[in-house]
Amino acid sequence: MTNQLTHRSRYFTLLGTIITQFALGSVYTWSLFNAQLAGKLSEPVSRVAFSFGIMSLALAVASSMAGKMQERFGVRNVTLGAGVLFGVSLLLTAHASNIWLLYIFAGFLIGFADGTGYLMTLSNCVKFFPERKGLISACAIGAYGLGSLGFKFINMYFLEHNGLESTFDYWGIIAMVMVIIGGLMMKDAPKLQVSATESAADVRDFSLAQSMKCPQFWMLALVFLTVCMSGLYVIGVAKDIGQGYVHLSLDVAAAGVAIIAVANLGGRLVLGVLSDKIARTKVIAIALIVCLVGVCALLFAHQSMMSFYVAVGCIAFSFGGTITVFPSLVSDFFGLNNLTKNYGIIYLGFGIGSFIGSIVASIFGGFIATFYLMFALLIISLVIALTIKLPKLPSQNIA
């Protein structure tokens with residue numbers, strides 16, 4: 001009976017996680033609203049778009065805190081709270097009357113709600129399936145990516161037929177209901193136990209403090225930051241790169257956005273499944289090589305429509321695959337029991353990376369400086385991926 005309950009809990013939690021991730025992934029439709037919000041608030045689009053940068057940073061910070069919240073309140077309660085905050089924040093965003101309220105409601109609050117639910121539900125779900133971590137990560141993070149695509153059509157429909165404020169209202173209600181339904185289906189994954197065939201010394205169970213003392217922790221953090229910086233920068237300004245750097249027409253450059261969406265999802269599925277078949281460090285090395293091909297296409301190839309599409313496709317494929325494989329990779333190095341905390345700190349690189357590319361481009365006045373920084377960091381990260389070894393087990397485990 002207990003086994004039946006555990007089996008049912010696993011798959012109910014998986015389904016609830018997929019529903020929740022789909023709803024939370026809707027934040028990546030944000031660019032649909034920049035122009036109309038700029039008109040409503042009488043602000044430049046660039047200032048309005050900065051709210052997404054705040055959102056990304058808040059998302060990463062909340063992800064690093066979610067493990068503590070789960071320990072205290074449980075995955076179901078924290079997910080329900082994140083769903084309510086997500087919906088309320090969107091309702092508040094609908095009535096933001098100035099740019100600072102937009103930064104608070106759309107940037108900080110939506111980002112915090114999204115980050116609280118995203119990493120915690122993903123990590124909890126992976127713990128239920130230790131034998132298929134890559135596949136489960138691909139399912140959950142793939143749902144997050146599909147959420148941006150699905151809500152693109154939902155939000156565009158409401159924008160065309162109901163206007164800006166009503167769209168935020170409907171979006172908030174739909175997403176909140178989905179997250180609440182998903183949260184009610186979840187249970188906390190059981191703590192990983194030592195089996196009869198293995199000793200405590202064989203089990204990887206690093207606390208956050210123990211993990212952060214290992215050089216491997218910071219090596220993985222650098223690799224993650226590098227891919228996130230490359231992916232988020234190129235995804236965020238792909239149309240501008242196509243027009244301003246490659247000198248393509250608006251329509252041809254804008255088509256790169258569709259290529260990014262397909263490549264991003266493809267990377268999540270292909271590399272996620274592959275990570276259950278070969279060493280995950282090798283999968284990350286493959287992702288880094290693909291990303292390098294994309295960056296080299298931007299830096300060293302003759303610029304054309306084809307080189308542009310290859311570049312953005314490769315970078316998006318690498319980004320999608322890396323963020324799918326990394327939770328399982330971190331658990332390989334530091335164990336499943338504290339995955340939410342350990343990966344939560346590494347995930348800060350997502351928020352930091354989202355700013356670095358733009359800051360470098362602003363300081364040096366163009367895309368080239370950021371492309372060269374991406375190139376250098378990718379080389380370093382590839383060396384790390386090819387040479388990194390598992391850390392020694394904590395001393396108390398050995399004892």
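Residues numbered from 1 in each chain as written. Predicted model: local features only at pLDDT ≥ 70, side-chain atom pairs only at ≥ 80, totals over all residues. Heavy atoms only, no water.

**Q** Explain the overall build of the protein here, please?
**A** Counting its secondary structure elements, the protein contains 17 helices and 0 strands. Relative to the compact-globule value of 21 Å for 399 residues, the protein shows a C-alpha radius of gyration of 21 Å, a close match. Overall, the C-alpha framework of the protein stretches about 65 × 45 × 30 Å when taken along its three principal axes. Here the protein holds 399 residues, and the buried ones make up 55% of them. Counting contacts in the protein only where the partners sit at least 6 residues apart, residues at least 24 apart contribute 84% of the total. Counting every atom, the protein has about 16,500 Å² of accessible surface; 69% of that belongs to carbon and sulfur. Taking the 23 positively charged and 15 negatively charged side chains of the protein as two groups, their mean positions are separated by 8 Å. (Helix = DSSP H or I, 4+ residues; strand = E, 2+ residues; numbered from the N terminus. Rg over C-alpha atoms; globule rule 2.2 N^0.38 Å. Buried < 20%, exposed > 50% of the residue type's maximum accessible area, 1.4 Å probe, protein only. Contact = heavy atoms within 4.5 Å. Areas by Shrake-Rupley, 256 points an atom, 1.4 Å probe, with all protein chains shown as cover. Lys, Arg positive; Asp, Glu negative; His and termini not counted. Charge placed at Lys NZ, Arg CZ, Asp CG, Glu CD.)

**Q** Would you mind going over the packing of helix 9 (residues 215–236) against helix 13 (residues 305–334) with me for this structure?
**A** Axis angle and axis distance: for two packed helices, these are the angle between their axes and the distance between the axes, and together they describe the pair. Put simply, helix 9 and helix 13 touch, their axes get as near as 9 Å, and they point 155° apart. Classified by the interaxial angle, the pair formed by helix 9 and helix 13 is roughly antiparallel. Viewed along their axes, helix 9 and helix 13 form a crossing whose handedness is left-handed. On helix 13, the residues touching Gln-216, Phe-217, Leu-220, Val-223, Phe-224, Val-227, Cys-228, Ser-230, Gly-231, Leu-232, Val-234 and Ile-235 of helix 9 are Val-312, Ile-315, Ser-318, Phe-319, Thr-322, Ile-323, Phe-326, Leu-329, Phe-333 and Phe-334. The residue inventory of the contact of helix 9 with helix 13, partitioned by class, reads 17 nonpolar, 5 polar and no charged. (Axes fitted to C-alpha atoms, helices over the stretch in contact; angles between N-to-C directions. Parallel < 35°, antiparallel > 145°, perpendicular 65-115°, else oblique. Left-handed = near helix turned anticlockwise from the far one by under 90°. Nonpolar A, V, L, I, M, F, W, Y, C, P; charged D, E, K, R; others polar.)

**Q** How do you make sense of the environment of Asp-205 when you look at a structure like this?
**A** Looking at the secondary structure, you find Asp-205 in the loop between helix 7 (164–184) and helix 8 (208–212). Expressed as a C-alpha distance, the spacing of Asp-205 and Leu-336, which sit 131 residues apart in the sequence, is 7.0 Å. Within the structure, the side chain of Asp-205 is placed 3.5 Å from the side chain of Asn-337, a separation counted as a polar contact. A distance of 3.4 Å separates a polar atom in the side chain of Asp-205 from a polar atom in the side chain of Asn-338. (Polar contact = N/O pair within 3.5 Å; in protein donor to acceptor, adjacent residues only side chain to side chain.)

**Q** So what exactly am I meant to see when it comes to helix 13 here?
**A** Look at helix 13: 43 Å from first C-alpha to last across 30 residues, which is about the 44 Å you get at 1.5 Å a residue. Taken as a whole, helix 13 carries its principal kink of about 35° at Phe-326; the proline Pro-327 stands between one and four residues after it. Where burial is concerned, most of helix 13 is hidden: 26 out of the 30 residues are buried. Immediately downstream of helix 13, the backbone of Gly-335 shows phi near 95°, a positive value. (Expected span 1.5 Å × (residues − 1). Bend = angle between axes of the 7 residues up to and from the residue.)

**Q** Just checking my understanding: could you explain the domain arrangement of the protein for this structure?
**A** The parts lose accessible area when they come together, and the size of an interface is often stated as this lost area. On domain assignment, one finds that the protein holds domain 1 (1–188) and domain 2 (208–389). A separation of 22 Å is found between the C-alpha centroids of domain 1 and domain 2. Every contact between the two is made by 35 residues of domain 1 and, on the other side, 29 residues of domain 2. Carbon and sulfur atoms make up 69% of the area that domain 1 and domain 2 hide from each other, which totals about 2,500 Å². Summed over the three residues of domain 1 that lose the most area to domain 2, namely Lys-127, Lys-133 and Ile-141, the buried surface amounts to 20% of that side. (Domains from an automatic or database assignment. Buried area = accessible area lost by both parts, 1.4 Å probe.)

**Q** Teacher, can you tell me more about a nonpolar patch on the surface here?
**A** Where nonpolar side chains cluster on the molecular surface, the patch consists of Leu-57, Val-61, Met-65 and Ile-352 and spans about 290 Å² of accessible area. Top element by residues in the nonpolar patch is helix 3 (residues 45–73). It accounts for 3 residues. You can see Ile-352 is positioned in helix 15 (residues 348–364). (Patch = residues over 30% accessible without salt bridge, like charges linked within 9 Å, V, L, I, M, F, W, Y side chains within 5 Å. Salt bridge = Lys/Arg side-chain N within 4 Å of Asp/Glu carboxyl O.)

**Q** Honestly, the packing of aromatic side chains in this entry has me stumped. Any pointers?
**A** The geometry of an aromatic ring pair comes down to the distance between the two centres and the angle between the two planes. In the structure shown here, the tally under the stated rule is 31 aromatic pairs. A centroid spacing of 5.7 Å and a plane angle of 40° characterise the contact between Phe-224 and Tyr-347, whose relative ring orientation is tilted. Pair noted here: Phe-224 is in helix 9 and Tyr-347 is in the loop between helix 14 (339–346) and helix 15, with a separation of 123 residues, a long-range link. Like Phe-224, the residue Tyr-347 is buried in the burial classification. Judged by centre distance (5.7 Å) and plane angle (85°), the ring pair of Phe-300 and Phe-375 falls under edge-to-face. On the criterion of sequence distance, the pair formed by Phe-300 in the loop between helix 12 (280–299) and helix 13 and Phe-375 in helix 16 (residues 367–387) is long-range, its members being 75 residues apart. Owing to a relative accessible area of 25%, Phe-375 belongs among the partly exposed residues under this scheme. (Phe/Tyr/Trp six-rings, centres within 6.5 Å; stacked < 30°, edge-to-face > 60°.)

**Q** What is the right way to read the pattern of salt bridges from this model?
**A** Once their charged atoms are close, side chains differing in charge can pair, the charge on each being opposite to the other. For the structure on display, the rule yields 8 salt bridges. For Lys-341, the salt bridge identified is with Glu-71, shortest N-O distance 2.5 Å. Of this pair, Lys-341 sits in helix 14 while Glu-71 sits in helix 3, and the two are 270 residues apart along the sequence. The partner of Asp-276 in a salt bridge is Arg-280, with the nearest N and O atoms 2.9 Å apart. On the basis of relative accessible area, Arg-280 is assigned to the buried category, the value being 12%. Linked by salt bridges that have partners in common, Lys-133, Asp-276, Arg-280 and Asp-332 make up one network.

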